[in-house]
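Here is how the chains run, residue by residue.
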Amino acid sequence: MIEDLWLVLPLRAVVFQSLLLLISIAIESVVLQRILNISRKTATEYSAILNLLSTFICWLCFFLIQSIPLKTLQIQLIRYVFYARFISPNLFSDFQNGFYFLLARICIILIALIIELIGLDFLLNFIAAQELEIKHLISSKEPEATENKKSRFQKYRESQLNKIKFKATFWANFSSNIFISALILIVT
Amino acid sequence: MTKLLQSFAWLINLIKPPRIFSWQTVILISIFFWVISFLVGLGCDNLRLQNIFSSLGCLAVIFGVGWFSLENPIIVQGFSLSTWIWVELVCLFVASWWLDIAPFIWMIWPALSAIFAAWPEFFAVQKKIKNLVNEQRFKLLIWILSHLIISCWIQFSLIIQDWVLQYPSLLADNLSQSDFIVKIQPFSRPISGGERVFNAMERQLKIQIDGKLWVVVESWLKNTNQREKLLTEAKKEISGVAEKHLWNFRTEITAQKTGYNLLMIAEWQGPSYNPQGYFLKKVCQVNAVTRQPTPVKAKLRRERKNNNARVATTPQVIITAKPVKVAKIECQSVTKQIIEQNQLKNSPKL
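What comes next concerns the included structure. (Residues numbered from 1 in each chain as written. Chains lettered and ligands numbered in written order. Predicted model: local features only at pLDDT ≥ 70, side-chain atom pairs only at ≥ 80, totals over all residues. Heavy atoms only, no water.)

**Topic: the overall build of chain A**
Thought 1: Tallying secondary structure elements over chain A gives seven helices and one strand in all.
Thought 2: From first element to last, N terminus to C terminus, chain A shows the α and β order β-α-α-α-α-α-α-α.
Thought 3: In chain A, which comprises 188 residues, the proportion classed as buried is 38%.
Thought 4: Put simply, 61% of the contacts in chain A that link residues at least 6 apart link residues at least 24 apart. (Helix = DSSP H or I, 4+ residues; strand = E, 2+ residues; numbered from the N terminus. Buried < 20%, exposed > 50% of the residue type's maximum accessible area, 1.4 Å probe, protein only. Contact = heavy atoms within 4.5 Å.)

See the structure below:
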């Protein structure tokens, strides 16, 4: 009975993800602190929440993709998870692997950016509304526009607060992702 | 006697509950249950009785820990550690009883633990999430989100277990290149699906042709239908798993000096460590050996005993006692061959 014992555990994934999360939380907190002009502690908390949230949503996306009952897709995922390769080899396999890896990376970055944008909005509006530190951000909201004709998107684009929010999230994500991608390239 | 008691006084004081009606008593009861279940296991092989006693012990532990965490919750940074452990114990117990929903329980226990551990500080005291201070809200969010990610990791490992069950040959391959997983298999060498089929074929071959008359065996070997039948029979070994479509089996017969070589080839078409994949090879040598037909000999001796007088049977005896050519089968162990880069995948060079 004990001879049949086997275990395949995602320990490497756990270690790598914890490390990458710590790195990106540290980098993003610095950027958020600079751009949103808030205290270091608040910035760290914000970036921790945003990063954890985006990681969680990315995992959910992975589970969704995994649950598609398609044999080839499943084998492709297995190939990636077990052997760090996307496709069966051929003449251009190195290029193709690199291309797919880049594509996956860009998808993850985009999802993270969107989630963090929504998350920051949520944090500022609903959770941290009474906080004094970001009062200057909230108060810089323009008085309600009289013309209601403008579409929501236009309103969103013109709002000063949203511009700051977008800037903060974008630069935070950009810097942390550049750093992590460089790290992955160096390691592999 | 009193001296003996006195020398063990510290131990008795340590385990003696302060009151009869306390959580320490419940823990003692659970230890008592476990001792009983151990004794039952030693005494008789009644597995059911043993299970009942050990799960009663588990229930008592859960009850005791729950009581303990109600009385004095160990609060670390606003989260009750004892409640966290208690929820984990409950989840373990439920998962061990309902095997059908065990994966689901495994998946949700971090989230459940997180919510219950945060309960006394965050929900019960302030009555509503609305009343929380910002700092507390952030703390709560980080706490719950990090546990959700642990849930994701557990779900991921369950998915991997499921994959390995469907494609057991993955386990036999080299997994050191992966960025995600670690293989732990300390006690045995993993066997791939192809090897399993080969072993089944060897067993069948030994039953069917080992020690049979050479003429019969020769015609059997040359008959492709027979070999096909053998293969389909052996393939039943891996019919339960999803990877059966990824194996490509074939057999070949080559004539040797003293007999035939039966070559079995299994190509793996799924993902593997080696970029071009690999194939497994097993050679069984079927040789003709001359052997004295022992059963016939015994028969002859019996005949001779029965009719001593008849000398006329002698020429017949000489004819039947002639050594016969029978088949002897010898199989080598399975070898793994990696397909090189410039080789065509469908026609591996042997």
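What follows continues from the structure just given.
**Here we look at the interface of chain B and chain A**
Thought 1: Listed per partner, the contact involves 49 residues of chain B and 49 residues of chain A.
Thought 2: Summed over both partners, the interface of chain B with chain A buries about 5,000 Å², with 70% contributed by carbon and sulfur atoms.
Thought 3: Sorting the residues of chain B by area buried against chain A places F138(B), W153(B) and W163(B) first, and these three jointly supply 15% of that buried surface.
Thought 4: Linking chain B to chain A there are zero salt bridges.
Thought 5: Applying the counting criterion to the chain B and chain A interface returns nine residue pairs in polar contact (both at pLDDT 80 or more).
Thought 6: Put simply, the parts of the chain that give the side of chain B that touches chain A at least two residues each are α7 (134-166), α8 (169-172) and β3 (182-184) of chain B.
Thought 7: Looking at which element gives the most residues to the side of chain B that touches chain A, the answer is α7(B), with 22 residues.
Thought 8: Of the residues that constitute the side of chain B that touches chain A, the class distribution is 29 nonpolar, 15 polar and five charged.
Thought 9: Where strand β1 (residues 7-9) of chain A and β3(B) come together, three bridges link them in antiparallel fashion. Following the sheet pairing, L7(A) is matched in β3(B) by I184(B). (Buried area = accessible area lost by both parts, 1.4 Å probe. Salt bridge = Lys/Arg side-chain N within 4 Å of Asp/Glu carboxyl O. Polar contact = N/O pair within 3.5 Å; in protein donor to acceptor, adjacent residues only side chain to side chain. Nonpolar A, V, L, I, M, F, W, Y, C, P; charged D, E, K, R; others polar. Pairing = 2+ DSSP bridges.)

**With respect to empty space enclosed by the protein**
Residues and elements named next belong to chain B.
Thought 1: With the rule as written, the count across this model stands at one cavity of 30 Å³ or more.
Thought 2: By volume, the largest cavity amounts to about 40 Å³.
Thought 3: Looking at the lining of the largest cavity, the elements that each hand over two or more residues are α5 (81-97) and α6 (102-124).
Thought 4: Ranked by the residues each element gives to the lining of the largest cavity, the list is headed by α5, at four residues.
Thought 5: A class-by-class count of the residues in the lining of the largest cavity yields six nonpolar, no polar and one charged. (1 Å grid on protein atoms, 1.4 Å probe; cavity = no way out; pocket = protein on both sides within 12 Å on 5 of 7 lines; lining within 4 Å. Points joined across faces, edges and corners; volume = space filled by probe spheres on them.)

**Thoughts on α5(B)**
Thought 1: If you check α5(B), its first and last C-alpha atoms are 25 Å apart, about what 17 residues at 1.5 Å a residue would give, namely 24 Å.
Thought 2: Buried within α5(B) are the following residues: S82(B), T83(B), V87(B), C91(B), F93(B) and A95(B). (Expected span 1.5 Å × (residues − 1).)

**Considerations on the pairing of strand β5 (residues 259-268) of chain B**
All names here are of chain B.
Thought 1: For β5, a buried count of 10 out of 10 residues is recorded, marking the element as mostly surrounded by other parts of the structure.
Thought 2: Direction of pairing for strand β4 (residues 247-255) relative to β5: antiparallel, over a ladder of nine bridges. Its bridge partner being in β5, N248 is matched across the sheet by E267.
Thought 3: Connecting β4 to the next strand, β5, in antiparallel fashion are three residues.
Thought 4: Bridge analysis of β5 against strand β6 (residues 278-291) gives 10 bridges, and the strand direction is antiparallel. For L263, the partnering residue across the bridge sits in β6 and is V283.

**Observations regarding the side chain of R227(B)**
Residue and element names in this part refer to chain B.
Thought 1: As for its position among the elements, R227 is in helix α11 (residues 224-235).
Thought 2: Look at R227: it is buried, it has no salt bridge, and the nearest opposite charge is E228 at 7.1 Å.
Thought 3: With near-sequence residues (within four places) excluded, R227 lies in contact with L221, T251, E252, I253 and L262. (Lys, Arg positive; Asp, Glu negative; His and termini not counted.)

**Concerning the nonpolar core**
Thought 1: Y46(A), F82(A), F156(B), I160(B), W163(B) and L205(B) are the most contacted members of the largest nonpolar core, which has 75 residues in total.
Thought 2: Top contributing element to this core by residue count: α7(B), with 10 residues. (Core = buried A, V, L, I, M, F, W, Y, C linked by side-chain atoms within 4.5 Å.)

**Overview of the pattern of salt bridges**
Thought 1: Overall, the coordinates contain eight salt bridges over all chains when judged by the stated rule.
Thought 2: Here E45(A) makes a salt bridge to K41(A), at a shortest N to O gap of 3.5 Å. Of this pair, E45(A) and K41(A) are both found in helix α2 (residues 40-66), four residues apart, which corresponds to roughly one turn of the helix.
Thought 3: Taking relative accessible area as the criterion, E45(A) reaches 16% and is therefore assigned buried.
Thought 4: The salt bridge partner of E252(B) is R250(B), with a shortest N-O separation of 3.1 Å.
Thought 5: Using a relative accessible area of 30% as the deciding quantity, one classes E252(B) as partly exposed.
Thought 6: Look at the salt bridges and you will find they share partners, linking E202(B), K206(B) and K282(B) into a network.

**Side note on the packing of helix α1 (residues 11-36) of chain A against α2(A)**
Helix-helix packing is described using two parameters, namely the angle between the two axes and the distance between the axes.
All names here are of chain A.
Thought 1: At a minimum axis separation of 8 Å, α1 and α2 run at an interaxial angle of 135°. Between α1 and α2, the angle is such that the two are oblique. For the pair α1 and α2, the sense of crossing is right-handed. Counting all contacts with α1, which are made through Q17, L21, S24, I25, E28, S29, L32, Q33 and L36, the residues of α2 involved are R40, A43, T44, Y46, S47, A48, L50, N51, L52, T55 and W59.
Thought 2: Its residues assigned to classes, the contact of α1 with α2 shows 10 nonpolar, eight polar and two charged. (Axes fitted to C-alpha atoms, helices over the stretch in contact; angles between N-to-C directions. Parallel < 35°, antiparallel > 145°, perpendicular 65-115°, else oblique. Left-handed = near helix turned anticlockwise from the far one by under 90°.)

**Topic: a nonpolar patch on the surface**
Thought 1: A cluster of nonpolar residues, L28(B), I31(B), V35(B), F38(B), L39(B) and L42(B), forms a patch on the protein surface that exposes about 580 Å² of accessible area.
Thought 2: Turning to its location among the elements, L39(B) is positioned in helix α3 (residues 23-43). (Patch = residues over 30% accessible without salt bridge, like charges linked within 9 Å, V, L, I, M, F, W, Y side chains within 5 Å. Areas by Shrake-Rupley, 256 points an atom, 1.4 Å probe, with all protein chains shown as cover.)

The values reported here are purely geometric and, on their own, carry no functional implication.
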